[in-house]
Amino acid sequence: MQLMMKAKMNPAMSASRNIFLWCMSSIYLFAFASLYVQIPGLYGVDGILPARLVLNRGHHTPLKKFQDLPTLLWFLQDYGIEASAGMELICILGIAASLVCLLSPRMRDSMTFALLWFLYLSVYQVGQTFLWFQWDSLLLETGFLTMLVAPLQLLKWKSREERQHDTITFWLIRWLLFRLMFASGVVKLTSGCPTWWGLTALNYHYESQCISTPLAWYAHQLPEWFQKLSVVGTYLIEIPVPFLFFSPIRNLKMFAFWLQVIFQIAIILTGNYNFFNLLTITLCISLLDDEDLGYSTQGKRLQGLQKLVVRLTSLLVYGLLIYWTVHYFNLSINWPQSRVDSQINFSVEEFQSFVHGSVVVGMWIGSISLACVILAAIWRSLVCVPGVFGKVWSVLQVIIFTLVAVYMFCISLPSLTQVDRDAYQNLAPIVHEWHGKSDFLQLSHSYGLFRRMTGVGGRPEVVIEGSNNLTAGWKPYEFKYKPGDISAVPAVVAPHQPRLDWQMWFAALGSARQNPWFISLIYRLLTNQEEVLDLIDHNPFPKSPPKFIRAKLYHYHFTSWSKNSKNWWRRKEVETYLSPVTKESQAITSFVQSSGLKYKSKKKTGGYLHWSLDTMRHYFGNLSGPVLIFSIFIPILIISMFR
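A brief look at the structure comes next. (Residues numbered from 1 in each chain as written. Predicted model: local features only at pLDDT ≥ 70, side-chain atom pairs only at ≥ 80, totals over all residues. Heavy atoms only, no water.)

1. Some details on the packing of aromatic side chains
Where we set the bar: When two rings of Phe, Tyr or Trp (its six-membered ring) have centres within 6.5 Å they constitute a pair, described as stacked for plane angles under 30 degrees, edge-to-face for angles over 60, and tilted for the intermediate range. Numbering of helices and strands runs from the N terminus, with a helix taken as a DSSP run of H or I at least four residues long and a strand as a DSSP run of E at least two residues long. Between buried and exposed lies partly exposed: a residue is buried under 20% and exposed over 50% of the maximum accessible area for its type, with that area taken using a 1.4 Å probe on protein chains only. Both a distance and an angle decide whether a charge sits over a ring: NZ of Lys or CZ of Arg must be within 6 Å of the ring centre and within 35 degrees of the ring normal.
Across all of its chains, the model carries 49 aromatic pairs by this definition. Taking 5.7 Å as the distance between ring centres and 75 degrees as the angle between the ring planes, the aromatic pair formed by Phe-133 and Trp-502 counts as edge-to-face. Placement of Phe-133 in the loop between α8 (110-126) and α9 (134-149) and of Trp-502 in helix α22 (residues 499-508) is noted, with a sequence separation of 369 residues between them. By the burial criterion, Phe-133 is buried, and Trp-502 matches it. Ring geometry for Phe-329 against Phe-346: centres 5.9 Å apart, planes inclined by 80 degrees, an arrangement best described as edge-to-face. Here the residue Phe-329 occupies a position in the loop between α17 (304-328) and β1 (332-334), and Phe-346 occupies one in the loop between β2 (339-341) and α18 (348-383), the gap between them amounting to 17 residues. In this structure, Phe-329 and Phe-346 share a single accessibility class: buried. Taking NZ or CZ as reference, Arg-550 lies 4.1 Å from the ring centre of Trp-474, over its face. One residue, Arg-571, lies across the ring of Tyr-554, its end atom 4.2 Å from the ring centre.

2. Quick look at the sheet that holds strand β7 (residues 548-558)
Hydrogen bonds between backbone groups are what pair the strands of a sheet, and the pairing can be parallel or antiparallel. Short version of the rule: Pairing between strands is defined by DSSP: at least two bridges between them are needed. By definition, residues are in contact when any of their heavy atoms lie within 4.5 Å. With axes taken as lines fitted to C-alpha atoms, and helix axes fitted only over the stretch in contact, angles between N-to-C directions fall between 0 and 180 degrees.
In spatial order, the strands read β4-β3-β7-β8; together these four strands make up an open sheet with antiparallel pairing. Edge positions in the sheet fall to β4 (475-476) and β8 (569-581), since each has one partner strand and no second. Pairing geometry for β7 and β8, over nine bridges, is antiparallel. Following the sheet pairing, Tyr-554 is matched in β8 by Glu-573. With respect to the sheet, α22 is in contact with β3 (459-467), β7 and β8, its orientation differing from that of β3 by roughly 105 degrees. Sitting on the sheet, helix α23 (residues 516-526) is in contact with β3, β7 and β8, with an inclination near 80 degrees to β8.

3. Re helix α7 (residues 83-103)
What counts here: Multiplying 1.5 Å by the helix residue count minus one yields the expected span of that helix.
Over its 21 residues, α7 extends 30 Å from the first C-alpha to the last, a length consistent with the 30 Å expected when each residue adds 1.5 Å. For α7, a buried count of 16 out of 21 residues is recorded, marking the element as mostly surrounded by other parts of the structure.

4. Describing helix α2 (residues 15-36)
Two residues of an α-helix separated by three or four positions point the same way, owing to the 3.6 residues in each turn. Look at α2: 32 Å from first C-alpha to last across 22 residues, which is about the 32 Å you get at 1.5 Å a residue. When you tally the buried positions in α2, you get 22 out of 22 residues, the bulk of the element.

5. Thoughts on the side chain of Ser-212
The test is simple: We define a polar contact as two N or O atoms separated by no more than 3.5 Å, with the added condition that, inside protein, one atom must be a possible hydrogen donor and the other a possible acceptor, whereas residues neighbouring each other in sequence contribute only through side-chain atom pairs.
Within the secondary structure, Ser-212 is located in the loop between α12 (202-208) and α13 (214-220). Exposure remark for Ser-212: the relative accessible area of 5% places this residue in the buried category. Within the local environment of Ser-212, its side chain forms a polar contact with the backbone oxygen of Tyr-206, the two atoms lying 2.6 Å apart.

6. Details of the environment of Arg-452
Tracing the chain through its elements places Arg-452 in the loop between α21 (429-438) and β3. On a C-alpha basis, the gap between Arg-452 and Val-392 in space is 53 Å, while along the polypeptide they are 60 residues apart. Once residues within four sequence positions are removed from consideration, Arg-452 is found in contact with Ser-191, Gly-192, Cys-193, Pro-194 and Trp-196.

7. Details of the pairing of β3
The element β3 is extensively covered by neighbouring structure, given that nine of its nine residues are classed as buried. Taking every second residue as pointing to the same face, both faces of β3 are buried, with Arg-459, Glu-461, Val-463, Glu-465 and Ser-467 on one and Pro-460, Val-462, Ile-464 and Gly-466 on the other. Where β3 and β4 come together, two bridges link them in antiparallel fashion. Bridge pairing in β4 links Glu-465 to Pro-476.

So, in structure tokens, the structure goes:
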């Protein structure tokens, strides 16, 4: 591909770094394009959670407003651009900048990625519950680090300067990957969830996840012993293996790389997690260097005793991983029944002690690894860079990026230690202070996916129905991707994220009162609001809105092999989620008045800009998220391959 060839020809940009930047450009494209098609229904003037409501809170000076909520929308608002229109403009700019980065290696510059990061931060700040996902936070944190990884080459006519500090900034990506994977594994057990402790979580996961794929149905049919063994594999990949990210031995690092990539591909095949898994795979590129990719043969070849020591060390590590896995999960082969039996062979107290020790060890390994990377960069600056001025300039750059890396490492420690209270409290006060002061820029987050497995008694699903008669004629609203019709094939939608469908999954885990946005959705359906209805697949009342709307809670299960059925799902009604309401119901009217949803749209006066946004919305806004994403990305991919 072009990006690989450019990396090989340009000594100032390694292949691994260039591939990383290309992948980040793609993920920004997915994120902005996915959000763009949903803005009117989610954040428009008559959307579910209008963005204008966030910007109308409080009265401060422009500087104070920006400090409290750093977003470009403040400045656009000053020019008379309504908040949701500003979000559309930001997404269009983000798509354009991503495309430029994908097509031009020279444009994969720190300034371009700074622009992309700030654009996404701007929409994130007003995104409310529809943008409060861990992958949005991960994209912002990774995006900020990408600014440091990318070269500053737009201000130079030629970019031939050797960057000895690249290994330092790339190390920060590796550290983020470690925090993400380690925390994701640990929280599954620290949560106390009985399914994770009983190794039965995957018995429920495939059918209870937010948006399943067709392959998830087949994965759900696998025997229980295999599901348990898969949970054991998940713990292996997410807890001990991430420590190998910092191994100085290449094959151990490559072993960790391939395990993570295969794990993420398996998740992609069985679940729709938008760009999250692709972003995680992109983080894994930080484990590679040019020699791993076949673009360099300059690495020192091991000879004799060194090669023997490396091989013995690798075998020892593999042996320990196998031994610990067999011992702590009590693995045994049941020959008569042709299966592998497993169960957890440690207590809660023992695991808590392990977590505390692992967090401390992780911080020490991170500190030592970063120190080694810094010292190596200084050494290369003194030995490899020609000329006295060149050496001094290179060392100065290393020092500057060292200070940045140490700061980023320090502010990440409170996020890492969230899994262990003692380690968190023992951090130096200045570390907590730095973390708190940088929080408004979303520079560091704590992660941990699937702390508790939902859907043990059945996947909870809210079905919204409308009628013009309280006693008859109830018809369901069908969503585009979430389960509703039991005969509908599960969707394949990633890297697009249908954010309303996702929030409907979370709504089913609680009540209508715990999800105010759900009441807003009901109000928009009672008024047949066109922008909101565009987020839904089937509106049973296209001519005029229904008089009544209600919601019922069902428990969904995948059908099984044993039953001769053409349906993918079976369901059972559990309870009434929302009793029938009308536009005049007190619950609706009081909510609309208190939340400011009722708003008389002002006539657009933005002239050419608003006309341009409306025109683009007319041509592209009616496309589904996946269609828009792939109609843009596939031609770019083909151009990159054959250019």
